[in-house]
Amino acid sequence: MKFSLNRELLLKPLLLVSGAVERKSTLPILSNVLFEVSGQSLTLTATDLELEMVSYAIIDNQGDDGKVTIPARKLLDICKSLPDDSVLSFETTGDVIKISTGRSKYSLSTLSAEDFPNIEEWKGDVEFKLQKSELLRLIESTHFSMANQDVRYYLNGMSIETEGNEIRSVATDGHRLAICKISNQSLDLPTRQVIIPRKGILEIIRLLDPVDEEIQVFLGSNHVRIIDTGYSFTSKLVDGRFPDYRRVLPRNGDKILETDKDQMRQVLSRASILSNEKFKGVRLNFSNTELKITANNPEQEQAEEVIEIDFPYDEVEVGFNVSYVLDVLNAIKDSRVKFTLADANSSVVIEGCDSSEAIYVVMPMRL
């Protein structure tokens, strides 16, 4: 194998696949990227056995077609540190690959491409196309509610559901719930639910740009695949049943508060400074004309914030983990938000006043 290409043409696909490279693997080959040369095209593949990332580059091929695996982190560091207009030449001799550019020469040890794990070929039984901006909005609106290393492993990911012309994303860690749905009249999808693991979701967010370009999504029985012009991303699915979140949606909320999102976010942020570091609890006292927010901590420090509101109901006092509420306010794009609550022991429903795309449920805390 002998080929050359410009640094810029290699760096972009190499950065794309590096997200799937396993950092602390017991299998040395998972720290490598698979280079496959076929004609004038180079295919780069990286995997950690859960995720697989494939991207492409055009090369000047001066030898035979072939494949080899190269240490990902070292190659990426070399590429990043070279001048912009460098042309890199690669040549394999035995189990070493020699890289040269200008007066710089590097030799990296390789591992046999035959040992590189390959996610088996599979056909998605649900396929659809979506704008990248829509898919990104669907995931970013809910991803912060995913659990992290919960023993209920099916919560360490996001449920993606298709039904007719609707796609929904749902995430919960047992204390809060986030649901976002987008409708697209051009879709006609079967009813299907899959759970994409947390790592896969974070990688999708890294890959997507908020642009109006179409991207293809394939859902299979064990995998999800996203295909763009420059890359293909595959993730295993979580094998489990996602809880029936519809059962926990509060139905008895009879008190509604509409307020300015930014003002609410600012007073909660300030009050949270003096909340208990571990539990992050704040107390919200709703009365007819004002909302009083108080927080205190074991050092006997206290914060109190008051904002004017219009709340024509009985007084309610309820405690929340302030981080959960702030996460929701950061995710909502509308300028005004709506809180729907019942009493001190019931969950609150938070949503934007203008769009009904996303809905959030936060459980109360006993303070």
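Residues numbered from 1 in each chain as written. Predicted model: local features only at pLDDT ≥ 70, side-chain atom pairs only at ≥ 80, totals over all residues. Heavy atoms only, no water.

J.: Which residues make up helix α6 (residues 322-331), and what values do they have?
T.: It helps to recall that an α-helix has 3.6 residues per turn; residues three or four apart then point in one direction. Extensive coverage of α6 is indicated by the burial of seven of its ten residues. The complete set of buried residues in α6 reads V322, Y324, V325, L326, V328, L329 and A331. (Buried < 20%, exposed > 50% of the residue type's maximum accessible area, 1.4 Å probe, protein only. Helix = DSSP H or I, 4+ residues; strand = E, 2+ residues; numbered from the N terminus.)

J.: How would you sum up the packing of helix α1 (residues 7-18) against helix α2 (residues 72-81)? Please name residues and give values.
T.: Taken N-terminus to C-terminus, the directions of α1 and α2 make an angle of 140°; their axes are 10 Å apart at the nearest point. With respect to each other, α1 and α2 are oriented oblique. Judged by the sense of rotation from one axis to the other, the crossing of α1 with α2 is left-handed. Seen from α1, the contacting residues are R7, L10, L11, L14, L15 and S18; seen from α2, they are L75, L76, C79 and K80. In terms of residue class, the contact of α1 with α2 is made up of seven nonpolar, one polar and two charged. (Axes fitted to C-alpha atoms, helices over the stretch in contact; angles between N-to-C directions. Parallel < 35°, antiparallel > 145°, perpendicular 65-115°, else oblique. Left-handed = near helix turned anticlockwise from the far one by under 90°. Contact = heavy atoms within 4.5 Å. Nonpolar A, V, L, I, M, F, W, Y, C, P; charged D, E, K, R; others polar.)

J.: Explain the sheet that holds strand β22 (residues 316-321) residue by residue, including any values.
T.: Working definition: the strands of a sheet are paired by backbone hydrogen bonds and lie parallel or antiparallel to each other. Across the sheet, four strands lie side by side as β21-β20-β19-β22; this open sheet has antiparallel pairing. Strands with a single pairing partner mark the edges of an open sheet, and in this sheet they are β21 (302-308) and β22. With direction set aside, neighbouring strand axes in the sheet form an average angle of 20°. In this sheet, strand β20 (residues 290-296) lies alongside strand β19 (residues 281-286) in antiparallel orientation, the contact comprising four bridges. Across the sheet, N285 pairs through a bridge with K292, a residue of β20. Helix-sheet contacts for helix α5 (residues 261-272) involve β19, β20 and β21, and the interaxial angle to β21 is about 165°. Relative to the sheet, α6 contacts β19 and β22, its axis offset from that of β22 by approximately 85°. (Pairing = 2+ DSSP bridges.)

J.: Lay out the pattern of salt bridges in plain terms, naming residues and giving numbers.
T.: A side chain with one charge can pair with a side chain of the opposite charge if their charged atoms come near. Scanning the model with the defined rule gives 19 salt bridges in all. The partner of E161 in a salt bridge is R246, with the nearest N and O atoms 3.6 Å apart. Taken together, the residues span a long stretch of sequence, with E161 in strand β11 (residues 157-164) and R246 in the loop between β17 (231-236) and β18 (255-260) at a distance of 85 residues. Assessed through its relative accessible area of 40%, R246 is described here as partly exposed. Overlapping salt bridges, with partners in common, bring together E161, E163, E166, R168 and R246 in one network. (Salt bridge = Lys/Arg side-chain N within 4 Å of Asp/Glu carboxyl O.)

J.: So what's going on with empty space enclosed by the protein? Which residues, and what values?
T.: With the rule as written, the count across this model stands at one cavity of 30 Å³ or more. Quantified by volume, the largest cavity comes out at close to 80 Å³. Secondary structure elements with two or more residues in the lining of the largest cavity: α3 (132-140), β15 (214-219) and β16 (223-227). Looking at the lining of the largest cavity, the element that brings in the most residues is α3, giving three residues. (1 Å grid on protein atoms, 1.4 Å probe; cavity = no way out; pocket = protein on both sides within 12 Å on 5 of 7 lines; lining within 4 Å. Points joined across faces, edges and corners; volume = space filled by probe spheres on them.)

J.: Describe in detail the nonpolar core, supporting the description with residues and values.
T.: Judged by nonpolar contacts, the single largest core of 99 residues is most densely connected at L10, F35, F90, L268, L284, F286 and F339. At seven residues, the largest contribution of residues to this core is made by α6. Sequence-distant contacts of L284, defined by excluding residues within four places in its chain, comprise M264, L268, L291, K292, I293, V316, E317, V318 and F320. (Core = buried A, V, L, I, M, F, W, Y, C linked by side-chain atoms within 4.5 Å.)

J.: Tell me about the sheet that holds strand β12 (residues 166-172), and please be specific about residues and values.
T.: A sheet is described by the order of its strands in space; here eight strands give the open sequence β14-β11-β12-β13-β25-β24-β23-β18, paired in antiparallel fashion. One side of each edge strand has no neighbouring strand; the edge strands of this open sheet are β14 (189-197) and β18. Taken pair by pair, the neighbouring strands of this sheet meet at an average axis angle of 15°, ignoring direction. Pairing of strand β24 (residues 348-352) with strand β25 (residues 358-362), which is carried by three bridges, proceeds in the antiparallel orientation. Across the sheet, residue I350 finds its bridge partner in β25, namely Y360. Running over the sheet, α3 touches β11, β12 and β13 (176-183) and is turned about 160° from β13.

J.: Give me the pairing of strand β2 (residues 32-38): which residues, what numbers.
T.: Moving residue by residue along a regular strand, the side chains alternate between the two faces of the sheet. Counting buried positions along β2 yields five of seven residues, so the element is predominantly enclosed. Pairing of β2 with strand β6 (residues 66-71) involves six bridges; the strand directions are antiparallel. Bridging across to β6, L34 finds its partner in T69. Across five bridges, β2 lies against strand β3 (residues 41-47) in antiparallel orientation. Pairing of E36 across the sheet is with T43, part of β3.

J.: Could you give an account of unusual backbone geometry, with specific residues and numbers?
T.: Located in the positive-phi region is Q149, a residue other than glycine, with phi close to 60°. Relative to the assigned elements, Q149 resides in the loop between α3 and β11. Of note, the phi angle at K280 is positive, near 55°, even though the residue is not glycine. On the secondary structure map, K280 appears in the loop between α5 and β19.

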